[in-house]
Amino acid sequence: MKSKICDILGIKYPVFQGAMAWIADASLASAVSNAGGLGIIAAGNAPADFVRGEIRKAKELTDKPFGVNVMLQSPFADEVVDAICEEKVKVVTTGAGNPGKYLAKLAENGVTVIPVVASVALAKRMEKMGVNAVIAEGMESGGHIGKLTTMALVPQVVDAVNIPVLAAGGIADSRGVNAAFMLGADGVQVGTRFLSAYECTVHQNYKAKILKAKDIDTVITGAITGHPVRVLKNKLTNAYLAIEKEETGKANPDLEKLETLGAGALRKAVVEGDVDNGSVMSGQIAGLVKKEESCSDIILDLVKDLDKIYEIIK
Ligand code: TUI
């Protein structure tokens with residue numbers, strides 16, 4: 001038995017690399033694709049020309065399929081979708097919203113579309129609108145998150161739709177992969193573990209903070225603004241959460257103070273390596289990530305028991 005998602009995309013292993021904003025560039029995505037998974041370039045909040053540049057670099061670095069993630073809250077989302085179609089990217093994932101308005105254009109251009117969903121309702125709506133698969137992402141994930149855990153979300157989405165479902169959130173080794181298949185998933189998306197990859201160009205301080213992280217080291221900021229984001233605890237999150245506490249319950253909470261504190265924080269950590277005052281997005285599973293490795297070794301470790309799992313679930 002093979003994963004349906006491998007057949008749809010023409011990839012060897014049913015492992016997607018999570019689209020970490022500012023981090024998942026052509027270097028990481030092409031290394032994952034070359035290793036048999038699906039590498040994904042994160043558009044994040046970047047303008048289309050930057051994304052186009054990464055797509056062209058990835059085409060030089062791999063002849064395997066790779067994807068681009070459209071962050072739907074980006075002010076550049078429209079132009080990024082145009083660039084994706086012009087560059088004939090084969091696979092698009094979306095995050096942090098409902099991609100409905102882009103689906104017709106992407107389908108016309110032959111792009112396989114796989115949105116991230118955080119609820120059964122959105123998964124069903126997406127299936128009706130013709131997407132090829134969905135990624136059910138639990139709140140164990142790093143970055144922008146929904147409300148449900150992977151354990152609760154994945155089987156409910158699997159039962160609600162007839163398209164392949166990938167599981168994301170809290171998966172960093174073969175035990176997590178096996179568990180995801182037992183929940184009915186047809187593949188997985190892994191973010192945090194790839195932060196430790198040699199081919200991941202994130203600042204060394206960020207990598208070191210991930211490698212040192214313990215199980216209880218992440219916190220959720222932004223609950224009050226309606227944009228909850230999971231990050232590793234640091235000076236920035238202490239200041240941020242103190243303001244959140246002060247403002248919670250007020251008739252007119254001063255959200256601007258929080259926005260000012262958060263502005264540019266991800267870049268500060270990823271590019272400048274300021275892991276005290278920057279935003280170090282990470283999943284709850286960071287405590288399992290212990291050493292730097294190649295993307296190829298990471299993928300082979302993730303899928304090492306899959307043949308046994310296929311036997312069990314067939
Ligand atoms: O998108 C993500 N994770 C991200 S995006 C990101 S970039 C960023 N930078 C600074 C501040 C905020 C974001 C960092 N991490 N994951 C995919 C994801 N999508 N998780 C949850 C969702 C989601 C949630 C609700 C998708 C759809 C949704 O509902 C939309 C609707 O209208 O029903």
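See the structure shown above.
Computed from a predicted model, the values in this text were never measured in an experiment. One numbering rule holds for all chains: residues counted from 1, following each sequence as written. Predicted model: local features are reported for residues with pLDDT of at least 70 only, side-chain atom pairs are reported and counted for 80 or more only, and whole-chain, interface and lining totals are derived from all residues. Computation of side-chain values: all heavy atoms of the structure, hydrogens and water removed.

Trainee: Would you mind going over the overall build of the protein in detail, with residue names and values included?
Mentor: Looking only at helices and strands, one finds 14 helices and 11 strands in the protein. Dimensions of the protein, computed from C-alpha atoms along their principal axes, come out at roughly 55 × 40 × 40 Å. The buried label goes to any residue with under 20% of its type's maximum accessible area, the exposed label to any with over 50%, and the partly exposed label to all in between, with areas taken from a 1.4 Å probe on protein chains only. Expressed as a percentage of the 314 residues in the protein, the buried residues total 54%. Only heavy atoms matter for contacts: two residues are in contact if any of them lie within 4.5 Å across the pair. Here the contacts in the protein between residues at least 6 apart in sequence split such that 62% fall between residues at least 24 apart. Think of it this way: Lys and Arg go in the positive column, Asp and Glu in the negative one, and His and the chain ends go nowhere. By convention, charge coordinates are those of NZ in Lys, CZ in Arg, CG in Asp, or CD in Glu. Here the protein contributes 35 positive and 37 negative side-chain charges, whose respective centroids are spaced 2 Å apart. Under the scheme used here, helices are H or I runs from DSSP no shorter than 4 residues and strands are E runs no shorter than 2 residues, and both carry numbers assigned from the N terminus.

Trainee: Describe the layout of surface pockets, with residues and values.
Mentor: There is about 300 Å³ of room inside the second largest pocket. Around the second largest pocket sit 17 residues that line it, and A21, W22, I23, D25 and F50 are the ones nearest its centre. Of all the secondary structure elements, the ones that give two or more residues to the lining of the second largest pocket are β2 (39-42) and α3 (48-61). Gly is put with the polar residues, along with every residue not named as nonpolar or charged; the nonpolar set is Ala, Val, Leu, Ile, Met, Phe, Trp, Tyr, Cys and Pro, and the charged set is Asp, Glu, Lys and Arg. Residues of the lining of the second largest pocket, tallied by class, amount to 11 nonpolar, 4 polar and 2 charged. The distinction between a cavity and a pocket rests on a 1 Å grid over the protein atoms alone: a 1.4 Å probe fits inside a cavity but cannot get out, while a pocket stays open yet meets protein on both sides within 12 Å along at least five of seven lines, and a residue with an atom within 4 Å of a point counts as lining. Grid points are joined across faces, edges and corners, and a volume is the space filled by probe spheres set on the points.

Trainee: If you had to explain the packing of aromatic side chains to someone new, which residues and values would you point to?
Mentor: What counts as a ring pair is set by centres within 6.5 Å for rings of Phe, Tyr and Trp (its six-membered ring), and what kind of pair is set by the plane angle: stacked under 30 degrees, edge-to-face over 60, tilted for all other angles. Inspection of every chain in the model, using the stated rule, returns 1 aromatic pair. Seen from their ring centres, F181 and Y310 are 5.8 Å apart, and the 75° between their planes marks the pair as edge-to-face. Of the two residues, F181 is situated in helix α8 (residues 174-182) and Y310 in helix α14 (residues 306-313); the sequence distance between them amounts to 129 residues. Given a relative accessible area of 3%, F181 falls into the buried group.

Trainee: Before we move on, could you go through the sheet that holds strand β5 (residues 112-117) and cite the residues and values that matter?
Mentor: Strands were regarded as paired on the criterion that DSSP finds at least two bridges between them. Here 8 strands make up an open sheet; going across it, the order is β1-β9-β8-β6-β5-β4-β3-β2 and the pairing parallel. Looking at strand neighbours, the two that pair on one side only are β1 (15-17) and β2, the edges of this open sheet. Between one strand axis and the next, the sheet turns by 25° as a mean value, whatever way the strands run. Contacts from α3 reach β2 and β3 (66-71), with the element oriented near 165° to β3. Against the sheet, helix α6 (residues 120-128) contacts β5 and β6 (134-137), and its axis sits at roughly 165° relative to β5. Only the stretch in contact is used when fitting a helix axis, every axis being a line fitted to C-alpha atoms; angles between N-to-C directions are given from 0 to 180 degrees.

Trainee: Any chance you could break down the sheet that holds strand β11 (residues 229-232) for me, citing the residues and the numbers?
Mentor: Pairing is antiparallel across the open sheet formed by 3 strands, whose spatial order is β7-β11-β10. Looking at strand neighbours, the two that pair on one side only are β7 (143-144) and β10 (218-221), the edges of this open sheet. When β7 meets β11, the two strands line up antiparallel, connected through 2 bridges. Note that in β11 the partner of H144 across the bridge is V229.

Trainee: Summarise the site of the ligand; cite the residues concerned and give the values.
Mentor: Near, as used in this document, describes a residue that has one of its heavy atoms within 4 Å of the molecule or strand being considered. Of all residues adjacent to the ligand, which total 14 residues, the nearest are A96, G97, V116, E137 and H144. Within the contact set of the ligand, a nitrogen atom lies 2.9 Å away from a backbone nitrogen or oxygen of A96. E137 is positioned with one of its side-chain polar atoms (N or O) 3.0 Å from a nitrogen atom of the ligand. Each accessible area is a Shrake-Rupley estimate made with a 1.4 Å probe; only the visible protein chains count as cover when residues are assessed. Starting from 720 Å² of accessible surface for the ligand in isolation, the protein chains cover 74%. By residue class, the composition of the shell around the ligand is 7 nonpolar, 6 polar and 1 charged. Contacts described as polar in this section are N or O atom pairs within 3.5 Å, which, within protein, must combine one atom able to donate a hydrogen with one able to accept it, while residues neighboring in sequence count only if both atoms come from side chains.

Trainee: Tell me what's going on with the state of the cysteines, and back it up with residues and numbers.
Mentor: In this description, a disulfide is simply a cysteine sulfur pair whose atoms lie within 2.5 Å. On inspection of all chains with the given rule, the structure shows 0 disulfides. Distance from the sulfur of C6, which forms no disulfide, to the nearest cysteine sulfur (C295) is 17 Å. Taking relative accessible area as the criterion, C6 reaches 2% and is therefore assigned buried. No disulfide involves C295; its sulfur sits 7.9 Å from the nearest other cysteine sulfur, which is in C200. Assessed through its relative accessible area of 0%, C295 is described here as buried.

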